Amino acid sequence: MSLDFLSPDRALPAGAHEPVARSPIEPCLRRAGARFELRGGWSVATGFGDPEAEARAARSSVAVSDRSALGKLEATEPMEPGTAVHAEGAWWCPLTRERTLVLCPTDATAGVRERLAGVVDLTSGLAAVGVEGPLARDLLARLTALDLRPGSAPVGAFRPGSVARVPAMLLHEAEDRFLVLFGSAHAQYVWEVACDAAEPLGGTPVGAAAHA
Amino acid sequence: MNRLPPQPGERIDRARQVSFSFDGRRVRGYEGDTVASALFASGRRVFSRSFKYHRPRGLLCCAGQCPNCLVTVDGAPGVRACTEPAREGMRVEHQNALPSLRWDLMRAVDQLGGRLMPAGFYYKTFMWPRRLWPLYERVLRGAAGLGRAPAPQQERGRRSDYRRRHADVLVVGGGPAGLSAALQARRLGADVVLVDEGPEPGGHLLVTGAHERARTLATQAREAGVELLAPAAALGYFDGLVPVWQGDTLHQVRAAQHVTATGAIEQPLVFAGNDLPGVMLSGGARRLAALYALPPGGTAAVATVTEEGLEAAVALLELGVRIAAVADLRRAPGGAALERLEAEGVPVLRGGTVVCAEGRNALRGVTLARVDEHGRPHAGSELRVPCDLLIVSGGFAPAGSLLAQAGVKAGYDEASGAFLPPAALPPGTYAAGTVTGLRGAEAIELSGRVAGAEAAHALGLGDAASRERLEQDRSRLDGLRSAVPEPAVPPPSAAGGKGKCFACLCEDVTAEEIRHSVEEGFDSIELSKRYTTVTMGPCQGRMCQLPSVRLMARETGQPLADVGLTTARPPWSAVPLGVLAGRPSEPAKRSPLHHRHREAGARIKWAGDWRRPYDYGDPHAEAMAVHEAVGVIDVSPLGKLLVEGPDAGAFLDRLYPNRLSTLEPGRIRYGVLGSDAGRIMDDGTVARLGEQSFYVTTTSSGAGAVEEWFSWWQADWRMEVRVTNVTHALAAVNLAGPRSREVLAGLTSLDCSSDALGYLDARQAHVAGVPCLILRIGFVGELGYEIHVSSAFGEHLWDALLEAGSGHGIRPFGLEPQRLLRLQKLHVIVGQDTDTESNPYDAAMPWIVKLDKEEDFIGRWALEQTAERGLQTGLVGFRARDGVVPAEGAAVLVDGAPAGRVTSSRFSPRLGEVIGMAWVPAEMAGDGAEITISDNGRTLAATVTTTPFYDPQGARLRS
Amino acid sequence: MRDLFRRRRMWRPRSELKPSYDVVIVGGGSHGLAAAYYLGKRGIKDVAVLEQGYIGSGAAGRNTTILRSNYKTPEGARFYDASLELYDGLSLDLGYNVLFSRRGHLTLAHSDRAAAVMQERAEVNRLLGIDSRVIGPEEIKRLAPAMHVGPDAVHPIEAALYHPPGGVIRHDAVVWGFARGADRGGAEIHPYTKVTGIERSNGAVSGVRTTRGDIATRTVLNCTAGWSTTVADMAGVALPITTHILQAFVTEPLKPFLDAVIVSSQMHVYISQTDRGEVLIGAEIEPWTTYRQTGTLNFLQESCRHALELFPQLETSRMLRSWAGLCDISPDYSPILGETEVAGFHLSAGWGTYGFKAAPIVGSTLAELVDTGRTPQLIEPFRLERFYEDRLVSELGAAAVSH
Amino acid sequence: MSFVLACPVCGTREVTDFRYGGELNPRPAAGSAPSPRELNAYNYFRRNVAGVQREWWNHRSGCRSWFVAERDTRTNEVLSTALPEARP
Ligand SMILES: Cc1cc2nc3c(=O)[nH]c(=O)nc-3n(C[C@H](O)[C@H](O)[C@H](O)COP(=O)(O)OP(=O)(O)OC[C@H]3O[C@@H](n4cnc5c(N)ncnc54)[C@H](O)[C@@H]3O)c2cc1C
Ligand SMILES: NC(=O)c1ccc[n+]([C@@H]2O[C@H](COP(=O)([O-])OP(=O)(O)OC[C@H]3O[C@@H](n4cnc5c(N)ncnc54)[C@H](O)[C@@H]3O)[C@@H](O)[C@H]2O)c1
Ligand SMILES: Cc1cc2nc3c(=O)[nH]c(=O)nc-3n(C[C@H](O)[C@H](O)[C@H](O)COP(=O)(O)O)c2cc1C
Ligand SMILES: [Zn+2]
């Protein structure tokens, strides 16, 4: 038996059933008035009605976005812990010395999966929240004890550790841009806590469009 | 308003007024005022009533260190009026006085109380008669407390946030020492945070006429890139983690190097009447004058053991306060301040101090005298001085609390009469400034520079040149160290005055009470502390630790070094609980179907750390739907582990008491996990997906623990196996009921016939277009399928099932009907029907243990013993005879004594009877045994059964 | 009344150690001093209590003073109830008011599972004549009007185990009262005297080594709670114990607003208000073992957060002081009492987070054991040997936050 | 949050990130036949040393690895941490 049941991209539209993969954060996004669009089989929030404000948040304070549709594959792939590598269009994040978490665009997941050994598809097991903007670190400082100072966690730093009191992993994707990964059952909780923390900083949730 | 002309370093903005209410009356002040300074400006001199005797108390330290000005602000008790900024519209109220601060009825306690309420008096009385003690207690309790807790609330009303800050260097204390340290460390390249609990960095410089220097240093530090936080109190030291309270933020600063530059706390003197409003520490008086342009009094006497006291006298003199007389305990003081005072004709009593103060609600005069080392006045040296202000400077106690918490043991220094940190500190810990006992402006800044450089060098920063400069600074500091004159050491208390002589203002503990406590045998500082409660009040010893140690030394005849200090404990500043609590959110796990349950009107409750539907309004109907048609329950919280690798089967064989390596791919087996003590830890199903791949489910609350259990043994055994927790990755639903097959078949091309998909078969197939793992198992006792699917498709699958089932009478069902259904089958819920002591034999699952397995497995030895020992107690089913449902937890009685308990009980609408499970003594664990259940005083009769109540042969399950 | 002003010594001044004693009690906490007191009552006067610090410097001086007897096992409930009975008469017995205040104890259940555990305790208790029953939100509200009992709470309160005779006491007074009574009964109390070794010959205790000299004795009572393992080690007796810290804090004193003692296992917090007005808040042990009595920031944060769920109005009240003490945790959360394989070496250990309430009964039963050479019925189930036999007396389940 | 531990994989974290697994307590050899007393000694009795102790920790909030630390229980100072394979 294969482990296909772990992989959302193995769905086969069948007759009346048009499977839509949904982020575990979706109910929160809906409540906040998000608009959705189907992308790569996933229902993706594209915005909350004010693209201007969303872009501003990302530019001048902090923007929080749902990125759970990313492909996330755990595989046997030796790497040195601590630093993720961006290669072949994916982030290769060392979990342990032997196991690596590969983060890739939704539509690239199947391709990457084929090439790896010992894969467990955690695409739906992990929720992902993007935190972006000049106050990204300030927001995260309210939620996690991880040391995210530029000197300690340069771009590419990958840090398993607790965020908002739940187990998580943090990837420093780019200047002022972080990706937080955590168990999808905690998704709504973490999302609410992140938005709550963003508020006094002038931050706001944004749709997928805002950061592209 | 009664203000001085503009002072060079004042903090008030005379252009902007604020007004607030105090006990309902309007008070005006300026922007920059504190509550206390505005009140003082309005003429108020009494700020609080004391804890025990309800004596009036006035401003003393003006720095948030003493208990004298605690007020309630907008309902918040325990606010230090002297540091709380005055804000427009705030509501300030006094504490601990009835009806008013001015007329406090409880003051009667003072008149009587000196005699009636010695320390510990309650231990010696109110015992007899025993039956009246509750009454006495109510009276005692009535006198308790300072502030008042606000009325009950539904939720917290104030926001507070955490902020994590990692740093190379944390400097606590922003006086000249701290600022210099921060600046130096920063200049050498360190990432530095400096925190100060004062309104702005600067420490004593702000009030000693050196505010320019303070602001220059602060500006330099800020510009160099030091993060300066003020007012921000470091609350404690937790192995390098320092919580810092700033307004509504709790910074959690984790630094590699810690510089403590917390300065020293000016100490009061112990003499009769030393608590009268009008008795003020020199620092307090200077703060009022320098920061708020308030003359602390009209005519002042001064009693000092330090140079600072004289300096304060000069400063006040220059502001127009009449200095009536000065007593300087030092026998040969000298220097500019003294010269100036004598030039002004102020009488100075060398070797003298204050022996008593007079006044009832305010200071009216003091007596100064030359004293011997016991504080006894030399006859004829007394000088009675009418005055409304007494400036006291009783020496300085280093603010060493954080250092002590970092493991630094202070030692007594005879020369300065203070407990000082030793020169050698633990790695990563540095001290600078007056907290080390150092004196003199130059030395203090230099000590900061040295500490800052040392901290930076410890981080690997700096170079040869900076190292050399550090050496030079160190030796220059050694030279400066001895240059400054020491203060005099005051006697433990002055003798000769009438009235109470307070060692501790918070708790109204007098010098006499400390003597008495020693006489009674409380002869160590720790015992005396607990008996008299000295140092246990809001000031936590800031004002009373050193005086009480001196008194203890005198009364016990021990050297001060042996008396020692009590333990320093967090928090340094009394901090609102809300600030420590942070945001109120509680981590909750939710299934991907959670919103669907809410839409369906489910009653949602906590189940472990998950939020789960208990029912959808009608648990019995939901159960009946499962019996008669089809139901669906969200079981996504089930723990789900993938166990993969060449050794996977062998690995599981070692963990479970039964055999799993023999399981055929595509088949499922139930398993119970046990400890090496043979106790049940968890249970679940194990499906073999392939030769090297198993899918293990666990209880919802056990998922994490089982994963850790597996990986822990794996860390020891190092087998070729990998365990991955996929709990969050998969939603799972249990589709159950006679019509479940039809519903499923309508959504998949998989052959769902019993031949193709039999009981305990596992298959992978697309259902409604999404790939699923289908496990045919039957926890609820009807034909059923547990369908596991990517959680991204949880909603899709749920919707598809409900839609496909709509023609079949499908209903979602919750945990409550599930509990009933499985009870009918005597299926155990681990943690409900079993506890930490249960083993599989007693829990009626002997078949799960395969002692004939060749391989060793966890729990084997213990289970062998258990098997040998025979049943002690057994888990059985029962039918209650009287139609009453006993509470879960009701007792099983043998000879009127508890001998077992009911673990599960329900009325079954399907069976029309009351059924349950219970632990009973072994001899009653057989079919037909009669048991007696005691439930809330009722006695119920029940009959034991060991076969399932419903479908005992399992025909429906296997259909 | 006259006693108020009479300053009689509580105990004799510190003296030199004698070369031998009939009984040496290691540990000057509530148990050691109680044992000395009850030995005195039995006429056994040649007794030394050796305490490494000041008396009451261990858990006795750090505990949150909750007394109750609504335990889960009949063995436990019976035992603790006997202790409360002694506590009830203790002030008069000692001539020293220990301020025992039976103001009621509420263990909250935030789930039906928890309520079932409460029910089980209530039932066992009732059968043993202990006043303890499960009550619903309305009655809870009446008993603790200041508490937020609404269904909108994060962890709504579904029920509570109400134990009217439970309450609090002045912990230090218990220590001092027993010390005074022990002293009057003949025992010598030696603070600042640390036991460093235990001499044995032929499988029996023969003496004790201390930082202040050696002592010959045939009977040693190990009453060192958190330090039990270290002292048992000296006698070659292994223990099934791990040592952890338990923490607590007090707020600045407030006017009385809370009578009952409130315990929430699920939220890992318990709350009472002392006679002085401080709100006294405690939590769970730290999971890791340690002998260092310093607290953690995590405890302060979490216990504040949880306390404020129950009492949101305390958000502006201020924390005054926090501290930590040691707890000797046994596998079944029941104590370990009485004889060991070394003759004359007796134990009072395994007290975890709940031993203060047991002080009088421990003292009196150990005194009986020493006096008669026979293990009293009441403590028979708590022998050390039960762990070698795997016959535990499990209070677990009821135990998380059990004081 | 008080002391920190260095996870051999992830690096230094607050103690609250970890689950404590108890002192190293070797299990009787597989296939051996411990007496009831030996077995129960293994199940229940602990050394509980006041001093340096070798103990298990799991990085629960991070990489989920089990590792062995040496810690002084009198001070909580962590002297070393290592994955079990690298155990000396
Ligand atoms: C924060 C906290 C809260 C608690 N709350 C409660 C509660 O609400 N209700 C309750 O019933 N229980 C509670 N407990 C538990 C209770 O305090 C203890 O179980 C009980 O006090 C232990 O008995 P003891 O008083 O004799 O121990 P201790 O007071 O600890 O006495 C042991 C003494 O032995 C001394 N000692 C150790 N080694 C040596 C040596 N080698 N030589 C000489 N002396 C030595 C120690 O210094 C110590 O004084 C709590 C404990 C803590 C820490
Ligand atoms: N006139 C006086 O009363 C007096 C007294 C002592 C020292 N001095 C002079 O003041 C200078 C002393 O310099 P220094 O830097 O050593 O001490 P300082 O008193 O000037 O500074 C210490 C600072 O630390 C802060 N602080 C203490 N504990 C804190 C905590 N836990 N969290 C946050 N902040 C905390 C205080 O608010 C204060 O601002 C010298 O010039 C000395 O001569 C004057
Ligand atoms: C029930 C109880 C109430 C307490 N109340 C106070 C108090 O009001 N003020 C105070 O400073 N400490 C109080 N303490 C704490 C003690 O000061 C002290 O911290 C504790 O006994 C531990 O000792 P240590 O801090 O010296 O290690 C209290 C302790 C207990 C057990
Ligand atoms: Zn790790």
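Just so it is clear, the structure is predicted and the values come from calculations on it, not from any experiment.

Chemist: In this structure, what is going on with the overall build of chain B? I would like to understand it.
Modeler: The helix and strand tally for chain B stands at 25 helices and 48 strands. For 959 residues, the compact-globule estimate of 2.2 N^0.38 gives 30 Å, and the C-alpha radius of gyration of chain B, at 38 Å, exceeds that figure by more than 25%. Each principal axis of the C-alpha atoms in chain B carries an extent, and together these give about 115 × 80 × 55 Å. A burial count over chain B gives 65% of its 959 residues as buried. Put simply, 65% of the contacts in chain B that link residues at least 6 apart link residues at least 24 apart. When the accessible surface of chain B is split by element, carbon and sulfur atoms take 51% of a total near 32800 Å². Computing the positive centroid from 104 side-chain charges and the negative centroid from 109, chain B places the two 6 Å apart.

Chemist: Any chance you could explain the site of ligand 1 here in plain terms?
Modeler: Residues and elements named next belong to chain C. Not every one of the 38 residues close to ligand 1 is listed here, only the nearest: S30, E51, A59, A60 and T64. A distance of 2.6 Å separates an oxygen atom of ligand 1 from a polar side-chain atom of S30. Note that an oxygen atom of ligand 1 is positioned 2.8 Å from one of the backbone N or O atoms of A59. When isolated, ligand 1 has an accessible area of 990 Å², and the protein chains bury 99% of it. Of all elements in the fold, only helix 1 (30-41) and strand 17 (318-329) reach the threshold of two or more residues within the shell around ligand 1. Of the residues that constitute the shell around ligand 1, the class distribution is 16 nonpolar, 18 polar and four charged.

Chemist: Teacher, can you tell me more about the sheet that holds strand 15 (residues 279-281) of chain B here?
Modeler: Within a sheet, neighbouring strands are paired by backbone hydrogen bonds and run either parallel or antiparallel to one another. Residues and elements named next belong to chain B. Here five strands make up an open sheet; going across it, the order is 15-22-16-17-18 and the pairing parallel. Both edges of this open sheet fall to strand 15 and strand 18 (348-350), since each of them pairs with a single strand only. Strand-to-strand twist in this sheet, taken as the mean axis angle between neighbours without regard to direction, amounts to 20 degrees. As defined by bridge partners, strand 16 (residues 299-304) adjoins strand 22 (residues 389-393) across five bridges and the pair is classed as parallel.

Chemist: Hey, could you run me through the interface of chain C and chain D in this one?
Modeler: Note: interface size is frequently given as the accessible area lost on complex formation between the parts. Counting residues at the interface gives 28 residues for chain C and 24 residues for chain D. Around 2100 Å² of area is buried between chain C and chain D when both sides are counted, 55% of it from carbon and sulfur atoms. When the buried surface of chain C facing chain D is broken down by residue, C:W288, C:Y291 and C:Y388 rank first, second and third, together holding 32% of it. Between the two partners, chain C and chain D, sit one salt bridge. With a shortest N-O distance of 3.3 Å, D:R37 and C:E385 are connected by a salt bridge. At the junction of chain C with chain D, the criterion picks out 15 residue pairs in polar contact (both at pLDDT 80 or more). For the side of chain C that touches chain D, the elements supplying multiple residues, two or more each, are helix 7 (228-234), strand 13 (242-251), strand 16 (279-289), helix 8 (297-310) and helix 10 (385-389) of chain C. At four residues, the largest contribution of residues to the side of chain C that touches chain D is made by helix 10 of chain C.

Chemist: Quick question: what am I supposed to make of the site of ligand 3 here?
Modeler: With respect to spatial proximity, 18 residues lie near ligand 3, and among them B:M536, B:Q540, B:R569, C:E278 and C:R321 are the closest. Taken together, the residues near ligand 3 originate from chains B and C. Between an oxygen atom of ligand 3 and a side-chain N or O atom of C:R62, the distance comes to 2.8 Å. In the complex, 96% of the free accessible area of ligand 3, which totals 610 Å², lies under the protein chains.

Chemist: I'm lost on the packing of helix 19 (residues 648-655) of chain B against helix 20 (residues 703-717) of chain B in this one. Help?
Modeler: To describe two helices that pack against each other, one gives the angle between their axes and the distance between the axes. Residues and elements named next belong to chain B. Where helix 19 meets helix 20, the axes come as close as 11 Å, and the angle between the chain directions of the two elements is 110 degrees. Comparing the axis directions of helix 19 and helix 20 gives the class roughly perpendicular. For the pair helix 19 and helix 20, the crossing hand works out as right-handed. For the pair helix 19 and helix 20, the contacting residues are F651, L652, R654 and L655 in the first and W709, F710, W713, Q714 and W717 in the second. Counted by class, the contact of helix 19 with helix 20 contains seven nonpolar, one polar and one charged residues.

Chemist: Looking at this structure, I do not really get the pattern of salt bridges. What am I missing?
Modeler: Two side chains of opposite charge can pair, provided their charged atoms sit close to one another. All chains considered together, the criterion is met by 114 salt bridges over all chains. For C:E278, the salt bridge identified is with C:R276, shortest N-O distance 3.2 Å. On the basis of relative accessibility, which here comes to 11%, the residue C:E278 falls in the buried class. By relative accessible area, C:R276 is classed as buried at 13%. Here the salt bridges do not stand alone but share partners, grouping A:R22, A:E26, A:R30, B:R596, B:E599, B:E795 and B:D799 into one network.

Chemist: Teacher, can you tell me more about the interface of chain B and chain C here?
Modeler: At the interface, 110 residues of chain B touch 96 residues of chain C. Roughly 9000 Å² of surface becomes buried between chain B and chain C when both sides are summed, with 52% attributable to carbon and sulfur atoms. Among the residues of chain B in contact with chain C, B:R141, B:R569 and B:L577 are the three that bury the most area, contributing 10% of the side total. If you look at where chain B meets chain C, you find 48 residue pairs in polar contact (both at pLDDT 80 or more). When grouped by side-chain class, the residues that make up the side of chain B that touches chain C number 51 nonpolar, 29 polar and 30 charged. Direction of pairing for strand 29 (residues 575-576) of chain B relative to strand 17 of chain C: antiparallel, over a ladder of two bridges. Along strand 17 of chain C, the bridge assignment pairs B:P576 with C:R318.

Here is what the cut-offs are and how they apply
- Residues numbered from 1 in each chain as written.
- Chains lettered and ligands numbered in written order.
- Predicted model: local features only at pLDDT ≥ 70, side-chain atom pairs only at ≥ 80, totals over all residues.
- Heavy atoms only, no water.
- Helix = DSSP H or I, 4+ residues; strand = E, 2+ residues; numbered from the N terminus.
- Rg over C-alpha atoms; globule rule 2.2 N^0.38 Å.
- Buried < 20%, exposed > 50% of the residue type's maximum accessible area, 1.4 Å probe, protein only.
- Contact = heavy atoms within 4.5 Å.
- Areas by Shrake-Rupley, 256 points an atom, 1.4 Å probe, with all protein chains shown as cover.
- Lys, Arg positive; Asp, Glu negative; His and termini not counted.
- Charge placed at Lys NZ, Arg CZ, Asp CG, Glu CD.
- Near = heavy atom within 4 Å.
- Polar contact = N/O pair within 3.5 Å; in protein donor to acceptor, adjacent residues only side chain to side chain.
- Nonpolar A, V, L, I, M, F, W, Y, C, P; charged D, E, K, R; others polar.
- Pairing = 2+ DSSP bridges.
- Axes fitted to C-alpha atoms, helices over the stretch in contact; angles between N-to-C directions.
- Buried area = accessible area lost by both parts, 1.4 Å probe.
- Salt bridge = Lys/Arg side-chain N within 4 Å of Asp/Glu carboxyl O.
- Parallel < 35°, antiparallel > 145°, perpendicular 65-115°, else oblique.
- Left-handed = near helix turned anticlockwise from the far one by under 90°.

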